[in-house]
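Each chain is listed here by its residues.
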Amino acid sequence: MTAPQPRPGIMTMAPYVGGKDTVEGRATVMKLSSNEGALGPSPKAMEAYAKAAAELHRYPDGGCEKLRAAIGRHYGLDPARIVCGAGSDELLNLLVRAYCGPGDELLYSAHGFMMYPLNAKGVGAIPVTAPEKDLRTDVDAMLAKVTTKTRVVCLANPNNPTGSYITREDVRRLHAGLPRQVLLVLDAAYAEYVSRNDYDAGVELVNAAENVVMCRTFSKIYAMGGLRLGWMYGPAAVIDVMNRLRQPFNVNAAAQAAGIAALDDVAHVDATRTNNDIWLPWLTAELTRLGLQPRPSVGNFVLVGFGSQARAEAANAHMMNDGVIPRMMHGYGLGDHLRITIGTEDEVKAVRDSLARFVAQP
Ligand SMILES: Cc1ncc(COP(=O)(O)O)c(C=O)c1O
């Protein structure tokens, strides 16, 4: 008798492996492997989370009404065109389930976020990559890869793990070159860290087009990855599809309460952004001085080139031994790089010190 068989594509997925958070033999570590907010969550969010405990017997608001209203107020958006999810991962996954099927193509940039090909494979669709220029999305190369089978194009902007971004004009050009039936997913998980005049997270294009959505998260600058909370903004028709497909209570009550409180704590978000504005350029300059190749980044992390895979692996082992945990990049075909989250002053200085000892080794 044959055993039950999963649907085509699923066994081609490598299970996602998150950033390491322990080092054998060390009680305390500096976890810089998952791009979590350097200052931790807002005290107001923690308070709201704790308060939610007394109501755990109640189902959450399935429509996230208050949270959507708060997001709408905060970002100047129509709450009716927002859907919340258990992390933006859930929304990115549902979008692919809704708009891609077996044999369809999902297009993304060569070093785009790893969940895009996994989501495609999960529905039997074909992940297609476009080559990059110097680890940046190349709009012309993306457009050259569009075929009659392309259903979804995913663009992380800024991109994880490269830290690069493309301008509002380039995103517009990408959109203008896509057939109208192709859904453009703008994944702006790190948008709050970007302070460039030529950047737009996606709101302008969502407002102007019927085939563009923007995904956002509370996991990065709001530092609530443990709660799983994300949201998307899109055209009414796509929102309708998502509200049919999502689970009725996909966002838990504590996440909703903490999300509203986190939005309210503007000072905490500002402090987190300021921390990044100081320590991202500092670490980039320090690592350059050490002879390493940190890539220009607009996120809360930096991708660092070591020249060879062997050297990146040795650097990873050296940092781990010092209790500092970066992220290996083999899964992205960037085995000669490590990705390091921008932490607090103590953490980025520990990175610099550890790598200074590493490069000084004979
Ligand atoms: C580009 C990008 N998109 C989406 C996500 C998913 O974030 P979450 O599911 O925690 O909202 C991440 C997390 O690392 C990311 O880097």
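Residues numbered from 1 in each chain as written. Predicted model: local features only at pLDDT ≥ 70, side-chain atom pairs only at ≥ 80, totals over all residues. Heavy atoms only, no water.

Q: Can you lay out the domain arrangement of the chain for me, pointing to particular residues and giving the numbers?
A: Considered domain by domain, the chain is made up of domain 1 (21-40 + 267-360) and domain 2 (43-264). Facing 25 residues of domain 1, the contacting portion of domain 2 comprises 26 residues. Contact between domain 1 and domain 2 buries roughly 2,100 Å² in total, counting both sides, with carbon and sulfur atoms accounting for 62%. Ionic pairing is found between aspartate 134 and arginine 295, a salt bridge with its closest N-O pair at 2.8 Å. Summed over the shared surface of domain 1 and domain 2, the result is nine residue pairs in polar contact (both at pLDDT 80 or more). Breaking the side of domain 1 that touches domain 2 down by element, the ones donating at least two residues are α10 (266-289), β10 (301-305) and β13 (337-341). With five residues, α10 is the single largest residue contributor to the side of domain 1 that touches domain 2. Class assignment of the residues belonging to the side of domain 1 that touches domain 2 gives a composition of eight nonpolar, 13 polar and four charged. (Domains from an automatic or database assignment. Contact = heavy atoms within 4.5 Å. Buried area = accessible area lost by both parts, 1.4 Å probe. Salt bridge = Lys/Arg side-chain N within 4 Å of Asp/Glu carboxyl O. Polar contact = N/O pair within 3.5 Å; in protein donor to acceptor, adjacent residues only side chain to side chain. Helix = DSSP H or I, 4+ residues; strand = E, 2+ residues; numbered from the N terminus. Nonpolar A, V, L, I, M, F, W, Y, C, P; charged D, E, K, R; others polar.)

Q: Describe the site of the ligand, with residues and values.
A: Around the ligand sit 14 residues, and of these Ser88, Asp187, Thr217, Ser219 and Arg228 come closest. One of the side-chain nitrogen or oxygen atoms of lysine 220 is found 2.9 Å away from an oxygen atom of the ligand. For the ligand, an oxygen atom lies 2.7 Å from a polar atom in the side chain of arginine 228. If the ligand stood free it would expose 400 Å²; the protein chains cover 93% of that surface. The dominant element in the shell around the ligand, judged by the number of residues it contributes, is helix α3 (residues 87-99), at four residues. Considering only residue class, the shell around the ligand consists of five nonpolar, five polar and four charged. (Near = heavy atom within 4 Å. Areas by Shrake-Rupley, 256 points an atom, 1.4 Å probe, with all protein chains shown as cover.)

Q: Hey, could you go over the UniProt feature "domain: Aminotransferase class I/classII large" (unreviewed entry) in the chain for me, with residue numbers and the actual values?
A: In the numbering adopted here, UniProt assigns the feature "domain: Aminotransferase class I/classII large" (unreviewed entry) to residues 28-354. In the segment residues 28-354, helix accounts for 40% and strand for 17%; the C-alpha atoms at its two ends are 16 Å apart. (UniProt positions renumbered as here; feature names shortened; annotations may be inferred.)

Q: Explain the UniProt feature "modified residue: N6-(pyridoxal phosphate)lysine" (unreviewed entry) in the chain residue by residue, including any values.
A: Within this numbering scheme, the UniProt entry marks Lys220 as carrying the feature "modified residue: N6-(pyridoxal phosphate)lysine" (unreviewed entry). Positionally, lysine 220 belongs in the loop between β7 (212-217) and β8 (230-233). For lysine 220, a relative accessible area of 14% translates into the label buried. Excluding residues that lie within four positions of it along the chain, lysine 220 makes contacts with Ser34, Asn35, Glu36, Gly37, Ala189, Tyr190 and Tyr193. (Buried < 20%, exposed > 50% of the residue type's maximum accessible area, 1.4 Å probe, protein only.)

Q: Tell me about the pattern of salt bridges, and please be specific about residues and values.
A: What the rule picks out here adds up to 20 salt bridges. When the shortest N-O distance is used, the salt bridge between arginine 173 and aspartate 170 registers 3.6 Å. Taken together, the positions of arginine 173 and aspartate 170, both in helix α6 (residues 168-176) and three residues apart, correspond to about one turn of that helix. A relative accessible area of 37% means that arginine 173 is categorised as partly exposed. According to the relative accessible area criterion, aspartate 170 is partly exposed, its value standing at 21%. Taking the shortest distance from any N to any O, the salt bridge between arginine 289 and glutamate 286 comes out at 2.9 Å. You can see arginine 289 and its partner glutamate 286 sitting in helix α10, three residues apart, about one turn around the helix. You can call glutamate 286 buried: its relative accessible area is 12%.

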